[in-house]
Amino acid sequence: MNIRTLIMAAALMPAMAFAQETTTSTDTTTAKKACDTTFVFNKQKFEISQNGERTSVKVYKKNGTEMKKALETEFLDGQEVEQVYVTSPFIPRKTYKRHSQEYSHYPLIFAGWDLLAGSAFGTSSENRHTRDNKSSEWGLTGAAFEYPLTPSLAITSAISIAHVSHHFNTDYVLNTIDGITSLQPFKGEKEGDRPSKSYLSYWTIRLPFMMEWSMRVGPDDLFAAIGPSLEFRTCERSRYELGKKHTLTKDVNMNPIGLNLEARVGYGCFVLYARTALTPLLRTKYAPEWHPFAVGMGLRF
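Residues numbered from 1 in each chain as written. Predicted model: local features only at pLDDT ≥ 70, side-chain atom pairs only at ≥ 80, totals over all residues. Heavy atoms only, no water.

A.B. asks: Hey, could you run me through the overall build of the protein in this one?
C.D. replies: A tally of helices and strands in the protein yields one helix and 16 strands. The contacts of the protein with a sequence gap of at least 6 include a subset with a gap of at least 24, amounting to 61%. Total accessible area on the protein stands at roughly 18700 Å², and carbon and sulfur atoms take up 60% of it. (Helix = DSSP H or I, 4+ residues; strand = E, 2+ residues; numbered from the N terminus. Contact = heavy atoms within 4.5 Å. Areas by Shrake-Rupley, 256 points an atom, 1.4 Å probe, with all protein chains shown as cover.)

A.B. asks: Is there a simple way to think about empty space enclosed by the protein in this case?
C.D. replies: This structure, assessed with the given rule, holds two cavities of 30 Å³ or more. Of the pockets and cavities examined, the largest cavity occupies roughly 160 Å³. Every residue along the wall of the largest cavity is listed here: Y106, P107, F110, T141, A158, S160, R206, P208, E262, R264, Y273 and R275. Secondary structure elements with two or more residues in the lining of the largest cavity: β8 (153–167), β11 (197–217), β14 (257–267) and β15 (270–277). Of the residues assigned to the lining of the largest cavity, the class counts are six nonpolar, two polar and four charged. Of the voids in this model, the second largest cavity is the one considered here, and its volume is about 60 Å³. Taken together, the elements giving at least two residues each to the lining of the second largest cavity come down to β11, β12 (220–242), β15 and β16 (291–299). For the lining of the second largest cavity, the leading source of residues is β16, giving three residues. Grouping the amino acids of the lining of the second largest cavity by side-chain chemistry returns five nonpolar, one polar and six charged. (1 Å grid on protein atoms, 1.4 Å probe; cavity = no way out; pocket = protein on both sides within 12 Å on 5 of 7 lines; lining within 4 Å. Points joined across faces, edges and corners; volume = space filled by probe spheres on them. Nonpolar A, V, L, I, M, F, W, Y, C, P; charged D, E, K, R; others polar.)

A.B. asks: Would you explain the pairing of β12 in this entry?
C.D. replies: Remember that side chains alternate between the two faces of the sheet whenever the strand is regular. When β11 meets β12, the two strands line up antiparallel, connected through 18 bridges. Following the sheet pairing, S201 is matched in β12 by R237. Hairpin connection of β11 to β12: two residues between the antiparallel strands, including G218 at a positive phi of 65°. Relative to β14, β12 runs antiparallel, the two being bridged by 11 bridges. Looking at the pairing, P228 lines up with L261 of β14. (Pairing = 2+ DSSP bridges.)

Structure below.
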């Protein structure tokens, strides 16, 4: 190697080093643009990247799939931009669920007063022979179902069974003669006989379909719900008690299926409810027009 070649090599080495440094710097800048910071928290990977003055964050599940965005905030120079992503009601419940959250709040046991109003949405009886202060219902809720729409709203349903008793003045009984059901004066075997009780009783299965709102307040949920319910009635009896229980008739022209409007409010384990019958209890062509109206309370466990 002559002296001239050695001098040319020495002169080119700084230029080659500068080119190498420039290439490395460009690659590093490109890598930083692609993904400036990556870290793992709670089994999820977070990627923070910056493009000019815009900074964005992406979150990936453990299997590598990117999580859907519900709300994104981007920080720009001197301002904040917020983007809202509209979610679908068909996203599974786990997307909305908060810690210890429930969407349906039906009472396990309930009891209340059940009067016979003269029309739908009526709150007082129009028949002077009824004893509304003695009329009552009690029941149990066997199962509840829910379909969440948002973190606070859900469509809920349940299956409940209840026993209902509508009481009348003791000198009147509900009877059916020649297919016509009406309240009639009681006629005993002996003069002066008077029953201690006179009432109409039946069992019912109810299926409510309600829009329910709930929110965590302190240690428990505050909730409210409203919606229609189907009612299936069976085992109806018109009875009176005179020494012992007597069944006067099993045919009271009962409507086997009814439609109600229900509402519930409550907090924690305590529930208040109201319900009005939109359809008559009995077939009005052959019986009085009565629409049961109930108010009561229940307990959840």
